Every structure is written in structure tokens, then in C-alpha cells.
Amino acid sequence: MNKKILSDCIQQLFANSKGLLAMDESLGTCNKRFAAAGIPQTEEMRRRYRQLLITTKGLQDSIGGVILFDETIRQKTDDGTPFTKILQDAGIIIGIKVDKGTIGQPGFPNEKITEGLDGLRNRLQEYKTMGARFAKWRAVIRIGENTPTQGSIEANIHALARYAALCQEADIVPIVEPEVLMEGDHTIWQCFETTERVLKNLIYQFYTQHIWLEGIIIKPNMVISGTGAAKKDTANDVAEFTVKCLLASIPPAVPAIAFLSGGQSPEYATMHLDKMHELFKNKLPWILSFSFARAIQQPTLDCWKGDDKNIAAAQKLLLEHAETNKAARQGNYIPK
Ligand code: 5MM
């Protein structure tokens, strides 16, 4: 492991209050979003959409890195330029999703386990030759009547730690994403309790698996009530519960935390990040940034609709949402 390579990459990703754009939707997820927007679900349409995203002028001023999917990292623009070259020329660091998705965890009804460790050492080397400098693996934790179980949490974070170890061995920065889902009618307190439990187990697992904490990025959910909960949270609630949970769980040795948006609207995700910086200015031991997919992309996708005459307007929206999240990272977001 070359610690300098890992540290330099993390600092570059988040320099000048930048964040990350997650555009690593797997085929199923991307097709689902296309179907909802009335866009044909073909490889060519996915290529054209991802081309729209990465050719947005000025994106590099607020986005330090993008997370790609296996199909996307191999694709080219209309004129045959590899996507990876477009990104490198713009100064945007290339990341890659390396998990192979979730399946039902045997013996654990209603819980999932993420696959993808077999052959990962070799796949990392291949992605590295394509220019990837960081990677991402997502585990999914659901709050339900009898979930999450300790057995499922431990299996998922063990896989996350083993993935992180393989990345660090390859000088690739691991983004570690243990997502406590928003789906459900749980309270913000329940989300706090589960997120804290997951993160504390994760940090312990990092210790046992010899992970160099200074060379990772954690991508957690915000602490927030379930989508079906009766009581809605204020921005202050989300900011306070989230930062208190992170301060209690994640050591200052970890350099950066970059949130997922988890299905929050772009406005709410941005407002919550902003509020955390407003309330906890100078009290955060780590970089606290964003690694949003839907909260940056959704307005762009809805505007594009698969029609190239909408490209300019769609790119304008992408830029706007990337910029507002950069502002939120500084506590300077002004809602429209
Ligand atoms: C939780 O999903 C991650 C962040 O996206 P949101 O900000 O929309 O919550 C995201 O990186 C996710 O891992 C990708 O969209 C890929 O998900 P799938 O389900 O396709 O593996």
C-alpha cells in the first residue's frame, strides 16, 4: 500500500469544497430510472446519458470525482473518445463501483448481502489500467420489525472491510458505503440507533482487517426518519442527529465522509448538508461532503427525457445542482 497515493487522491477529490457525483447505477437501477422517465432502456441510451453528464462544461469546478459503472468506464463519446479521457482531461478523478449488487442473505429473511469479492483483486488491476483511482462498494441495511440482525450487519461489514483491504493493497481509495435505507416508517431515533450500530461495527471490523483508516472514505446515509414515518424531520433535526451519530462513531483519523442522498429530494439533501456545516462549523474532524446520485442527477434526467434537443438545458441543471452542493459543503447554500 502506498499511503501517499491514497492520501493525495482523497485530498484532490475534495479540494476547494468539491464533492463526488455517483453515476454508477447498475443496469437494473439505471433502466428503472429510465423507464420512470419514459426513456428507452438500451445500452446506447445509457451511453448517451452518461456522455451528457461527463461532457458538462465546468463540472470539474464542483465535482472532484465521478463513480462509474463497469459498462460506463468502457464507453466512448460520439466521436470515439473514451469517457475516461474526457474525465482525465477535465481533471475529474475516475472512480468505479466494484460490488456486484445485492442478493437475499441465506438464513436471514428480508436482509441482503452484497456480492463481488471473488476475483476482485484482478478486477481492481484492470480498472486501474483504465485510470480508476478510487472504488465503491455498497452494503444495504434495512430497518424493519426484526431487522437489521447482528448476523447480517456483521456479514455485510466484513465484506466491506475485505473489499477495502483489497483496494488499499492496489493503491485504490475505497469508498465504503453502508447504506441504512430510508424505506420504512421508522423514526429518526431508530435510524440513529441503527446507523450508529452499523458504523461502530464497521470501524471495529476495519481494525480487525488491518484497514488504514487514513486511506478510506465513508459514504453513509444521513440520519433521517423513514419515508413512511408519521413525523417529518426539520433540517435542524437531520443535521444534529446525523453529525452526533458520526461524531460518536467515526474516528478523526478517517479523512472524509461523503453522504449518499438515499432518495431525498435534491433540495432536502442539499439543505441538510448545508445545515450540518452551518451548525457544526469548525467542529467537524473530517471533510464532510457529498457523493450523491439522484440528488444531483434526477432533475437532469427528467429534463433530458432521452431527447438530444434537451441536452443544453439538462447540463445546465446538472451544473446547478453540483454547484449548490458545493455551496452546501461550505454552509453557503441559498435555496431558490
Ligand atoms: C445509494 O446509492 C448510491 C448513492 O445514490 P443516491 O444519492 O441516489 O442515494 C449510489 O452510488 C448507488 O450505489 C448507485 O446508484 C448504484 O446503485 P445500484 O443499486 O445500481 O447498485
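As the structure is a prediction and not an experimental result, all values here were calculated from the model. (Residues numbered from 1 in each chain as written. Predicted model: local features only at pLDDT ≥ 70, side-chain atom pairs only at ≥ 80, totals over all residues. Heavy atoms only, no water.)

**Details of the layout of surface pockets**
Definition in use: Using a 1 Å grid laid over the protein atoms alone, points where a 1.4 Å probe fits but cannot get out form a cavity; open sets with protein on both sides within 12 Å along at least 5 of 7 lines form a pocket; any residue with an atom within 4 Å of a point counts as lining. Grid points are joined across faces, edges and corners, and a volume is the space filled by probe spheres set on the points. Only DSSP runs of H or I reaching four residues or more are called helices, and only runs of E reaching two or more are called strands; each is numbered from the N terminus. Any residue that is not Ala, Val, Leu, Ile, Met, Phe, Trp, Tyr, Cys, Pro, Asp, Glu, Lys or Arg is counted as polar, Gly included; the first ten are nonpolar and the last four charged.
The computed volume of the largest pocket comes to approximately 700 Å³. Taken together, 30 residues line the largest pocket, and the ones lying closest to its centre are Thr29, Arg33, Arg138, Glu179 and Arg294. Elements represented by at least two residues in the lining of the largest pocket include exactly α2 (27-36), β6 (132-141) and β7 (173-180). Split by residue class, the lining of the largest pocket holds seven nonpolar, seven polar and 16 charged.

**Here we look at unusual backbone geometry**
Between Thr147 and the following residue, Pro148, the backbone shows a cis peptide bond with an omega angle of 5°. Relative to the helices and strands, Pro148 resides in the loop between β6 and α7 (150-169).

**What about the pairing of strand β9 (residues 256-259)?**
Defined as follows: In this scheme, a residue with accessible area under 20% of its type's maximum is buried, one over 50% is exposed, and one in between is partly exposed, where area comes from a 1.4 Å probe on protein chains only. At least two bridges found by DSSP between two strands are what make those strands a pair. The definition of a right-handed crossover adopted here requires that, viewed with the strands pointing away, the path from the first strand over the helix to the second runs clockwise.
Here β9 shows no split at all, with Ala256 and Ala258 on one side and Ile257 and Phe259 on the other all buried. Here two bridges tie strand β8 (residues 217-218) to β9, and the two strands are oriented parallel to one another. Bridge pairing in β9 places Ile218 opposite Ile257. For the handedness criterion, the β-α-β arrangement of β8, helix α9 (residues 235-249) and β9 is classed as right-handed. Handedness of the crossover joining β9 and strand β10 (residues 287-292) through helix α10 (residues 266-279): right-handed.

**So, the pairing of strand β2 (residues 63-68)**
Counting buried residues in β2 gives six out of six residues, a clear majority hidden from the surface. Two elements, β2 and strand β3 (residues 93-97), share four bridges in a ladder whose sense is parallel. In the strand pairing of β3, Gly65 is matched with Ile93.

**Things to note about the side chain of Arg47**
The condition is simple: Two N or O atoms form a polar contact when they lie within 3.5 Å of each other; inside protein one atom must be a possible hydrogen donor and the other a possible acceptor, and for residues adjacent in sequence the pair counts only when both atoms belong to side chains. It only takes one pair of heavy atoms within 4.5 Å for two residues to be counted as in contact.
Looking at where Arg47 falls in the secondary structure, it is placed in helix α3 (residues 43-54). You can call Arg47 buried: its relative accessible area is 13%. A distance of 2.9 Å separates the side chain of Arg47 from the backbone oxygen of Lys76, its partner in a polar contact. Contact partners of Arg47, with chain neighbours within four places excluded, come to Gln75, Lys76, Thr77, Asp78 and Phe83.

**A word on empty space enclosed by the protein**
As enumerated under the stated definition, the model contains two cavities of 30 Å³ or more in all. Estimated volume of the largest cavity: approximately 80 Å³. Every element with two or more residues in the lining of the largest cavity is listed here: α2 and α11 (294-304). If you tally residues by element for the lining of the largest cavity, the top one is α11, at four residues. Split into classes, the residues belonging to the lining of the largest cavity amount to five nonpolar, two polar and three charged. As for the second largest cavity, its lining consists of 13 residues, and the residues nearest its centre are Val180, Met182, Asn221, Met222 and Ile224. Split into classes, the residues belonging to the lining of the second largest cavity amount to seven nonpolar, five polar and one charged.

**So, the sheet that holds β3**
Paired through their backbone hydrogen bonds, the strands of a sheet run either parallel or antiparallel. Pairing is parallel around the closed barrel formed by eight strands, whose spatial order is β1-β2-β3-β6-β7-β8-β9-β10. Across four bridges, the pairing between β3 and β6 is parallel. The partner of Lys97 across the bridge, within β6, is Lys136.

**Comments concerning α11**
Summarising burial for α11: eight of the eleven residues are buried, a large majority. Looking only at α11, the buried set comprises Ala295, Ile296, Gln297, Pro299, Thr300, Leu301, Cys303 and Trp304. After α11 finishes, the residue Lys305 shows a positive phi value of roughly 55°.

**What to know about the state of the cysteines**
Chemically, a disulfide is nothing more than a covalent bond linking the sulfur atoms of two cysteines. What counts is decided by this rule: A pair of sulfur atoms, both from cysteines and within 2.5 Å, is called a disulfide here.
Under the defined criterion, the tally for this structure stands at zero disulfides. There is no disulfide at Cys9, and the cysteine sulfur nearest it, in Cys167, is 11 Å away. Of the cysteine sulfurs around Cys303, a residue in no disulfide, the closest is that of Cys30, at 17 Å. Judged by its relative accessible area of 18%, Cys303 falls in the buried class.

**Structural notes on the pattern of salt bridges**
In plain terms, the rule: Throughout this description, the term salt bridge denotes a Lys or Arg side-chain nitrogen within 4 Å of a carboxyl oxygen of Asp or Glu.
In this structure the tally under the stated criterion is 21 salt bridges. The partner of Lys136 in a salt bridge is Glu177, with the nearest N and O atoms 2.8 Å apart. In this pair, Lys136 is assigned in strand β6 and Glu177 in strand β7, connecting sequence segments 41 residues apart. When sorted by exposure, Lys136 lands in the same class as Glu177, which is buried. Between Asp307 and Lys309 there is a salt bridge, and its shortest N-O distance comes to 3.1 Å. Look at Asp307 and you get partly exposed, because its relative accessible area is 30%. Several salt bridges converge on common partners, so that one network encompasses Asp24, Lys97, Lys136 and Glu177.

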